[in-house]
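Architecture at a glance
Read off the chains here:
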Amino acid sequence: AEARLLGLARSRPKVLGGPLRGAALGALLRRLVEALNAGEPLRLASAWEGAQHAACAELQRELRERGLAALRRLRESLPLRDEVLARQVAECRGKLEEHWALGAQPWCEGVQKTYLAQLLAQLAEEERLVQEANGRVAEAALRPATAEWERWLRGEAGDAEALAALLDQMPSRPAARAAREALQAARLARPPLGRAR
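Residues numbered from 1 in each chain as written. Predicted model: local features only at pLDDT ≥ 70, side-chain atom pairs only at ≥ 80, totals over all residues. Heavy atoms only, no water.

**With respect to the state of the cysteines**
Note on terminology: disulfide describes a covalent bond linking the sulfur atoms of two cysteines. This is how it is decided: For this text, the term disulfide refers to a pair of cysteine sulfurs within 2.5 Å.
This structure, assessed with the given rule, holds zero disulfides. Counting only cysteine sulfurs, C56 is the nearest neighbor of C108, a cysteine outside any disulfide, at a range of 4.0 Å.

**Concerning the pattern of salt bridges**
Put simply, the rule reads: Any carboxyl oxygen of Asp or Glu within 4 Å of a side-chain nitrogen of Lys or Arg constitutes a salt bridge here. Helix and strand definitions here come from DSSP, where helices need a minimum of 4 consecutive H or I residues and strands a minimum of 2 consecutive E residues; each element is numbered from the N-terminal end. Per-residue accessibility, obtained with a 1.4 Å probe over protein chains only, is compared with the maximum for each type, and a residue is labelled buried under 20%, exposed over 50%, and partly exposed between these values.
Taken as a whole, this structure holds 11 salt bridges when the rule is applied. A salt bridge links R61 to E65; the nearest nitrogen and oxygen atoms lie 2.7 Å apart. A residue pair is termed a helical-turn pair when its members lie 3 or 4 positions apart in one helix, as R61 and E65 do in helix 3 (residues 44-76) at four residues. R61 sits in the partly exposed class, given a relative accessible area of 39%. The class for E65 is partly exposed, based on a relative accessible area of 45%. The partner of R93 in a salt bridge is E127, and the shortest N-O contact between them spans 2.9 Å. You can see R93 sitting in helix 4 (residues 82-103) and its partner E127 sitting in helix 5 (residues 109-153), a full 34 residues away along the chain. A relative accessible area of 23% means that R93 is categorised as partly exposed. You can call E127 buried: its relative accessible area is 10%. Several salt bridges share partner residues, and in doing so they unite E58, R61 and E65 into one network.

**Some points on the packing of helix 2 (residues 22-37) against helix 3**
As a reminder of what qualifies: Here, axes are lines fitted to C-alpha atoms. For helices the fit covers the stretch in contact, and angles between N-to-C directions go from 0 to 180 degrees. Whether a crossing is left-handed or right-handed is set by the direction in which the near helix is turned from the far one by less than a right angle, anticlockwise for left-handed and clockwise for right-handed. The contact criterion used throughout is that any non-hydrogen atoms of two residues lie within 4.5 Å. Any residue that is not Ala, Val, Leu, Ile, Met, Phe, Trp, Tyr, Cys, Pro, Asp, Glu, Lys or Arg is counted as polar, Gly included; the first ten are nonpolar and the last four charged.
Relative orientation of the contacting elements helix 2 and helix 3 amounts to 115 degrees, with a least axis distance of 8 Å. The element helix 2 and its partner helix 3 pack so that their crossing is right-handed. Contacts between helix 2 and helix 3 involve A24, A27, L28, R31 and L32 from the former and L44, A47, W48, G50, A51 and A54 from the latter. The residue inventory of the contact of helix 2 with helix 3, partitioned by class, reads nine nonpolar, one polar and one charged.

**What to know about helix 6 (residues 160-167)**
Applied cut-off: The arc under discussion is defined with respect to the helix axis, by the directions toward the C-beta atoms. Throughout this description, a polar contact denotes any pair of N or O atoms lying within 3.5 Å of each other; where both atoms belong to protein, one of them has to be capable of donating a hydrogen while the other can accept it, and for residues adjacent in sequence the pair is counted only when both atoms sit in side chains.
Among all positions in helix 6, only A160, L163 and L166 are buried. Down the axis of helix 6, the buried set is contained in an arc of 150 degrees. They therefore lie on one face. On its buried face, helix 6 sits against helix 5 and helix 7 (172-189). If you check the start of helix 6, you find a side-chain oxygen 3.0 Å away from the backbone N of E161, and it comes from D159.

**Some remarks on the side chain of Q52**
Assignment of secondary structure puts Q52 in helix 3. Among all residues touching Q52, those that are not within four sequence positions of it are W107, C108 and V111.

**A look at the environment of D82**
Mapping D82 onto the fold places it in helix 4. Counting along the chain gives 89 residues from D82 to P171, while the straight-line C-alpha distance between them is 4.9 Å. Other than its neighbours up to four places away in sequence, D82 contacts P171 and S172. A polar side-chain atom of D82 sits 2.5 Å from a polar atom in the side chain of S172.

**Regarding the environment of A124**
Tracing the chain through its elements places A124 in helix 5. A C-alpha to C-alpha distance of 9.6 Å links A124 and V89, two positions 35 residues apart in sequence.

**Examining helix 5**
Inclusion rule: In a helix, the anticipated span is given by 1.5 Å times the number of residues less one. The bend at a residue is defined as the angle formed between two axes, one fitted to the seven residues ending at that residue and one fitted to the seven starting there.
Here helix 5 is 45 residues long and its end C-alpha atoms lie 65 Å apart, about the 66 Å a rise of 1.5 Å per residue gives. Most pronounced at R143, the bend in helix 5 amounts to some 30 degrees, and the proline P144 follows within four residues. At the C-terminal side of helix 5, G155 shows a positive phi close to 85 degrees.

Okay, here's the thing in structure tokens:
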């Protein structure tokens, strides 16, 4: 019976895209054992596909956690100018793609592009939230400086330079809004032309 089984196996070999070694063989065997333990029929193709998906899903989960941790650290340094934030987000994304390339298994080539695209899409939403938070943090940081500017315009003890110093460090939209408000306050504080104060 054993000779017959070996003869059958040799006459009808299963091909999975190349020889299986190391991690690929281990992942396939793990899926086959899981199927045996669950009382399911052994299907080599579906076990192989499951092994590929499991390996990519694990790498995706690990790198998503790393990406989220990097974005949390980035949030702690807000507010940042637009170009600084964009550069740091791009560096974070680049590092994740490097880690993906290092961690991806060559035997998962068929499915890994899909998992990488999903990872980058998930992180894109988090990146968008960081950009929104950058604007909110900047606006909160600019409010006291704008109030100081307005006090200075009214002739009270206020710091006229605080706003100018902050504007260079802020994202463009909140900085532009604060600059417009400062100009409007200056226009209102200035007497009309031809009349002395």
